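Coordinates in review
Spelled out from the first residue to the last, the chains are:
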Amino acid sequence: MFAPLGFARGKSGYARPNYVRLDEWARANVFSVRWLEHDRTLEMDGNGARLIFNVDSRSDARKAQINGVRVWLAFPVLLQNGRALISQTDLAETIGPILRPPGNSPGIKVKTICIDPGHGGNDPGYQVGSNDEKKYTLLLAQEVRAQLKTAGFKVVLTRTTDVKIPLEERPDVARRAGADLFISLHFNASETARNEVKGTEIFCCSPAGATSTNARGEGDTRWVVGNRYDEKNALLAYEMQKSYVKNLDVEDRGMKRARFEVLREATMPAILIEGGFMSHPAEGKKIYDPAYRKQMAHAIVEGVLAYKRAVRG
Ligand SMILES: [Zn+2]
């Protein structure tokens, strides 16, 4: 999106981007629209795709679904005089690239993948009992590397041992290796509801003007280097979330946005995978299990392949 967007701080705390009527956009793009629940849930069907929007601000009107996969919009859908309004940012940088993937330039291949095992050294990441996140991100990265190589990709890891690599250096490893994609691996933990919260969420960089999904309208919204690839970031995050949900029995926490340093500084399409909650007793056990990590690595490779097909690279 090169058109300047006029921002004004709304009552909700969200910077207010330009909004358009969802029904008009749907008509122009040959989607049929109907309420699944009046003034609450809106469904759009067409072009082989099914989109569901939660329009009810009481349960977060950024929650959407595209072809069965949860997607968090950068801005909430608004309901005004019975009509749903959607931000142009989301049309251009969330829904657009997922429904009509941006193609690579001719001859530009998706060939080299940089895998970034989160944390390391004196930064253990989350710790649940005697289990450090840094250990399992590295073990998963090694498995992903093996499977990506088998699938014909070149692979570079930001670390191969238990060392601390500063965050800002990680995208730089990818850049120096000429990587086409940057994929950071993490596991989650919940401090408040240890036994209940589980599932996978995949982050890409928040578009300019938008905050992180979990910040709900608060905090930084400036343009960052990672925004150069907004469309491909969204596509990669979506395809990866879809692959996780399709290939593994995980709860779909959705494609989200965040201004994590590794995503802000990336000079190629980049995502950060939160592969599951170590703090959930059953999910934790799976993360510590090499057989399950093999399946997870398979889902990651499938996500990369789906992205590669979509961009025709
Ligand atoms: Zn982490």
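All of these numbers come straight from a predicted model, not from anything done at the bench. (Residues numbered from 1 in each chain as written. Predicted model: local features only at pLDDT ≥ 70, side-chain atom pairs only at ≥ 80, totals over all residues. Heavy atoms only, no water.)

Side note on the coordination of the zinc ion
- Binding of the zinc ion to the protein goes through His119 (NE2), Glu133 (OE) and His186 (ND1), at separations of 2.1 Å.
- Positions of the donor residues of the zinc ion along the chain correspond to the pattern H-x13-E-x52-H. Placement of the pair is Glu133 in helix α3 (residues 133–150) and His186 in strand β15 (residues 181–188), with a sequence separation of 53 residues. Take Glu133 and His186: they sit in the same class, and that class is buried. (Donors = N, O, S within 2.8 Å, 3.2 Å for Na, K, Ca; no water. Helix = DSSP H or I, 4+ residues; strand = E, 2+ residues; numbered from the N terminus. Buried < 20%, exposed > 50% of the residue type's maximum accessible area, 1.4 Å probe, protein only.)

Topic: unusual backbone geometry
- In this structure, Asn67 is a non-glycine residue whose phi angle is positive, near 45 degrees.
- Take Asn67: it is sitting in the loop between β7 (63–66) and β8 (69–72).
- You can call Asn67 partly exposed: its relative accessible area is 39%.
- Although it is not a glycine, His119 sits at a positive phi angle of roughly 65 degrees.
- Looking at where His119 falls in the secondary structure, it is placed in the loop between β11 (112–117) and β12 (127–128).
- A relative accessible area of 18% places His119 in the buried class.

Considering the pattern of salt bridges
- Scanning the entire structure with this criterion turns up 17 salt bridges.
- In this structure, Asp220 engages Arg222 in a salt bridge whose closest nitrogen and oxygen atoms are separated by 3.0 Å.
- What makes Asp220 partly exposed here is its relative accessible area of 36%.
- Here the salt bridges share partners, and the residues they tie into one network are Glu37, Arg40, Asp56 and Arg58. (Salt bridge = Lys/Arg side-chain N within 4 Å of Asp/Glu carboxyl O.)

Points about the side chain of Arg293
- The topology assignment puts Arg293 in helix α8 (residues 290–310).
- Within the buried set, Arg293 has no salt-bridge partner at all; the shortest N-O distance to an opposite charge, 6.5 Å, is to Asp289.
- In contact with Arg293, not counting residues within four places along its chain, are Tyr136, Leu139, Leu140, Glu143, Ile287 and Tyr288. (Lys, Arg positive; Asp, Glu negative; His and termini not counted. Contact = heavy atoms within 4.5 Å.)

Some details on the nonpolar core
- Counting 64 residues, the largest nonpolar core has Phe53 and Ile115 as the members making the most contacts within it.
- In terms of residue count, the dominant contributor to this core is α8 (nine residues).
- Discounting residues that sit within four places of it in the chain, Phe53 has contacts with Leu22, Arg40, Thr41, Leu42, Met44, Lys63, Ala64, Leu73, Val77, Ile86 and Ile95.
- One finds Cys114, Ala179, Ala266 and Met268 within the second-largest nonpolar core, a separate group that totals 16 residues. (Core = buried A, V, L, I, M, F, W, Y, C linked by side-chain atoms within 4.5 Å.)

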